[in-house]
Amino acid sequence: MSERENDGSLTVLPRRDGPSEEGHGAAAQLAPGAARPGVVYLVGAGPGDPGLFTLRGAELLATADVVLHDELVHPALLDGVREGAEVRSVGKRGGDRVVKDAKQAEIDAELVALGLAGRSVVRLKGGDPFLFGRGSEEAEALARAGVPFEVVPGVCSPLGATAYAGISLTHRHIASSVMIVSGVTRAGRAFDWSELASVRGTICVLMGMQALDAVVAGLIGPGRRDPATPSAAIQWGTRADQRVVSSRLDELPRRAREAGLQSPAVIVVGAVTGLRGALRWFDRKPLFGKRVLVTRPRHQARSTSRLIRLRGGEAVELATIEIHPPPDPARVTEAVRGLSGYHAVVFTSENGVACFFKELERLGLDARAFGSARLAAIGVGTAAALAARGVRADIIPKEFRGEELAQAILADPALADRRAAGPPVRVLLARALVAREVLPERLRAAGCEVDVVPVYETRPASGDRREELLRALSADAIDVVLLTSSSTVDSLCDLLGEGAAARLDRVLLASIGPITTATAEKRGLRVGVTAEVSTTAGLLDALDRHFAALQAAPASAGN
């Protein structure tokens, strides 16, 4: 048994086991707030950070039959789409106006056809549907065809990107108005900058990066802006790869080129951009911009990825292991049916909880089947997995290792009294097929009868994952690798094959605890960070401290 990933929090996610496409409309009618048959929902996805998505948008994604999304929508949002839904990208990036207009006409026609066919449809659009998102054109097409629609606003990029860049669009002493303009018109002609000649507030320009020189010339010329006006360009605002260039207005094109800034970006012009030095917060987070490899299976990676994003990083999800049924399912069935005969039931991972309860449900049983048995969990993450199923863990060790869990079980007052009464304490240990033996060995040494029942098996990921991982490592697309258990270390090394240590020496390896670190070192890996608290949150805290120390080092050296 090894340390397992525990993030110490409960995350409520949209269900992915929704009804099949057949009969979905009838089910949706019974669910308040669900996407309705024959209705098209124009939903704003926000500027990039999936944490800025609206509750209404998430509710619709989880229940719609069809999702048509823009190319720039964060992939994490699509995790909330119900299983069985049709999901397609209908992005139309590029500078060819004729091609983009033709593509938009196709989207309009498809939305109408899907609505008339009785499908519930989410049109997921970057930013806000009605702010230069052509959502109004799509709504007009639906209205002409008599298809019901609903508009769900999203955080628009001028608001989101500037807030994450530390720029307040208005300020009581600096700017009392905001003007948002498009760098080009529908016909592809430049905006008439003379319209801004009398504007004294903040100006935000969208879709202007490809013609930044012309935009700046228009602002300084017909727009009558002082060449020395503070300005900024924000690329990929609100995301971990956000980049900001600040300068005088007349120097912005050169500075943006030198920094390699491209679309998508927001251009901000006005004195408020000078507040960035004091107000910037997002890109000062220790994990900002770091690409962190999460090697857990997809269904478990989501909560970890969310924690990484909250700290300013970007999660790269690439599972190095796969969860499979145990080699002897009959043993699991027998153990579940015989639960009443155990005094303690022990879980050492979230996977163990999920697989055990799956069998419990298959047999038509629920939490009552545990009877008076004491439930033990190796850590807070495993305990949270139990709590999500309506069961509270009675025993959780202070340190999330097999040794401490054995000690906590033996010290439990209820079990200690039973041991003193004479008959051996019967313990059911539901775990992976391959795990450390320290827990059952220590319990048996204390006189307990322990049934070790594998409820799942971990196997290395398929070969295509290996190629994907090698490409990412070769392209320097990964900065940090999370080692969340000894099995993660072994599967990662096995997946990379010969030369694994050399390939991983180019990235920072962060371990969830000393046991995992020891396993990594035996495989020849060089671990740079080891968590003091063996949970996902503890591991990310350790990474925060590591990168914060690196950021502080240059400042200290200069004093």
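Cut-offs and rules
- Think of each chain on its own: its residues are numbered from 1, step by step along the sequence as written.
- Confidence filtering applies because this is a predicted model: local features only for residues at pLDDT of at least 70, side-chain atom pairs given and counted only at 80 or more, and all residues used for totals across whole chains, interfaces and linings.
- With hydrogens and water stripped out, all remaining heavy atoms of the structure feed into the side-chain values.
- At least two bridges found by DSSP between two strands is the condition for calling them paired.
- For the purposes of this entry, the term helix denotes a DSSP run of H or I that reaches at least four residues, the term strand denotes a run of E that reaches at least two, and both are numbered from the N terminus.
- Angular values range over 0 to 180 degrees, each being the angle between N-to-C directions of two axes fitted as lines to C-alpha atoms, with helices fitted over their stretch in contact.
- Buriedness of a pocket was judged along seven lines, with at least five required to meet protein on both sides within 12 Å; pockets are open sets of points on a 1 Å grid over the protein atoms alone, cavities are sets where a 1.4 Å probe fits but cannot get out, and lining residues have an atom within 4 Å of a point.
- Grid points are joined across faces, edges and corners, and a volume is the space filled by probe spheres set on the points.
- Any angle from 65 to 115 degrees is called roughly perpendicular, while one under 35 is roughly parallel, one over 145 is roughly antiparallel, and all others are oblique.
- If you view the pair so one helix is near and one far, a crossing is left-handed when the near helix is turned anticlockwise from the far one by less than a right angle, and right-handed when it is turned clockwise.
- For this analysis, residues touch if any pair of their heavy atoms sits within 4.5 Å.
- The nonpolar core is taken to be a set of buried Ala, Val, Leu, Ile, Met, Phe, Trp, Tyr and Cys residues, with the residues joined through side-chain atoms within 4.5 Å.
- A 1.4 Å probe rolled over the protein chains alone gives each residue an accessible area, and that area as a share of the maximum for its type sets the label: buried under 20%, exposed over 50%, partly exposed in between.
- As a per-residue measure, pLDDT reflects the predictor's confidence and takes values from 0 up to 100.
- Paired rings are identified among Phe, Tyr and Trp, the last through its six-membered ring, by centres lying within 6.5 Å, and are further divided according to the angle between planes into stacked (under 30 degrees), edge-to-face (over 60) and tilted (the rest).
- Over a ring means this: the NZ of a Lys or the CZ of an Arg is within 6 Å of the ring centre and within 35 degrees of the ring normal.

A.B. asks: Let's hear about the sheet that holds strand S6 (residues 178–182): which residues, and what values?
C.D. replies: Spatially, 5 strands are ordered S6-S7-S10-S8-S9 in an open sheet, and the strand pairing comes out mixed. This sheet does not close on itself; its edge strands, each paired only once, are S6 and strand S9 (243–248). Strand after strand, the sheet turns through a mean of 20° between neighbouring axes, direction not considered. As judged from the 6 bridges shared by strand S8 (residues 230–235) and S9, these two strands associate in the antiparallel manner. Bridge pairing in S9 links isoleucine 234 to valine 244.

A.B. asks: Run through empty space enclosed by the protein, naming residues and quoting values.
C.D. replies: All told, the structure shown has 2 cavities of 30 Å³ or more when counted by the stated rule. The volume enclosed by the largest cavity comes to roughly 60 Å³. What lines the largest cavity is simply Asp49, Pro50, His74, Thr238, Arg239, Ala240, Phe282, Arg309, Gly312, Gly313 and Glu314.

A.B. asks: Let's hear about the packing of helix H13 (residues 402–411) against helix H15 (residues 438–445): which residues, and what values?
C.D. replies: As a packed pair, H13 and H15 sit with axes 8 Å apart at the nearest point and diverge in direction by 30°. Overall, the two elements H13 and H15 adopt an arrangement that is roughly parallel. In this structure, H13 crosses over H15, and the sense of that crossing is right-handed. Counted together, Gly402, Glu403, Leu405, Ala406, Ile409 and Leu410 of H13 and Val438, Leu439, Arg442 and Leu443 of H15 form the full contact between these two elements.

A.B. asks: Before we move on, could you go through the side chain of glutamate 457 and cite the residues and values that matter?
C.D. replies: Within the secondary structure layout, glutamate 457 lies in strand S17 (residues 449–460). In contact with glutamate 457, not counting residues within four places along its chain, are Glu322, Ile323, His324, Pro325, Pro326, Pro327 and Leu433.

A.B. asks: Before we move on, could you go through the nonpolar core and cite the residues and values that matter?
C.D. replies: By size, the foremost hydrophobic cluster in this structure holds 26 residues, and its most contacted members are Val345, Phe347, Phe356, Phe357, Phe370 and Leu428. Those elements that provide at least two residues to this core are helix H10 (329–337), strand S14 (344–347), helix H11 (350–362), strand S15 (374–377), helix H12 (380–387), strand S16 (426–432) and S17. Looking at this core element by element, the count peaks at 4 residues for H11. Not counting chain neighbours up to four residues away, the residues in contact with phenylalanine 356 comprise Val336, Leu339, Phe347, Phe370, Leu428, Ala430 and Val455.

A.B. asks: An account of the confidence of the model for the chain is requested, with residue identities and associated values reported.
C.D. replies: Mean pLDDT for the chain: 89, with 92% of residues reaching 70 or above. In the predicted structure, residues 1–30 sits below a pLDDT of 50 and forms 89 contacts with residues beyond four places in sequence or in another chain.

A.B. asks: Kindly report on the sheet that holds strand S2 (residues 66–69), identifying the contributing residues and their values.
C.D. replies: An order of S3-S2-S4-S1-S5 is seen for the 5 strands of this open sheet, with the pairing classed as parallel. Of all strands in the sheet, those bounded by a partner on one side alone are strand S3 (86–89) and strand S5 (149–152). Within this sheet the neighbouring strands show an average axis-to-axis angle of 15°, counted without direction. Bridge count for strand S1 (residues 40–44) against strand S4 (residues 121–125) is 5 bridges, and the pairing is parallel. Note on S4: the bridge partner recorded for tyrosine 41 is valine 122. Against the sheet, helix H4 (residues 135–145) touches S1, S4 and S5, its axis set at about 170° to S1.

A.B. asks: Pulling in residues and values, what's your account of the packing of aromatic side chains?
C.D. replies: This model, assessed by the stated rule, comprises 8 aromatic pairs. Arranged with centres 5.8 Å apart and planes meeting at 40°, the rings of phenylalanine 357 and phenylalanine 370 form a pair that is tilted. With phenylalanine 357 in helix H11 and phenylalanine 370 in the loop between H11 and S15, this residue pair connects regions lying 13 residues apart in the sequence. What makes phenylalanine 357 buried here is its relative accessible area of 4%. Phenylalanine 370 gets classed as buried once you look at its relative accessible area, which sits at 4%. Put simply, the rings of Tyr164, Trp281, Phe282 and Phe288 pair up and form one aromatic cluster. Over the face of the ring belonging to phenylalanine 547 we find lysine 290, whose NZ or CZ atom lies 4.6 Å from the ring centre.

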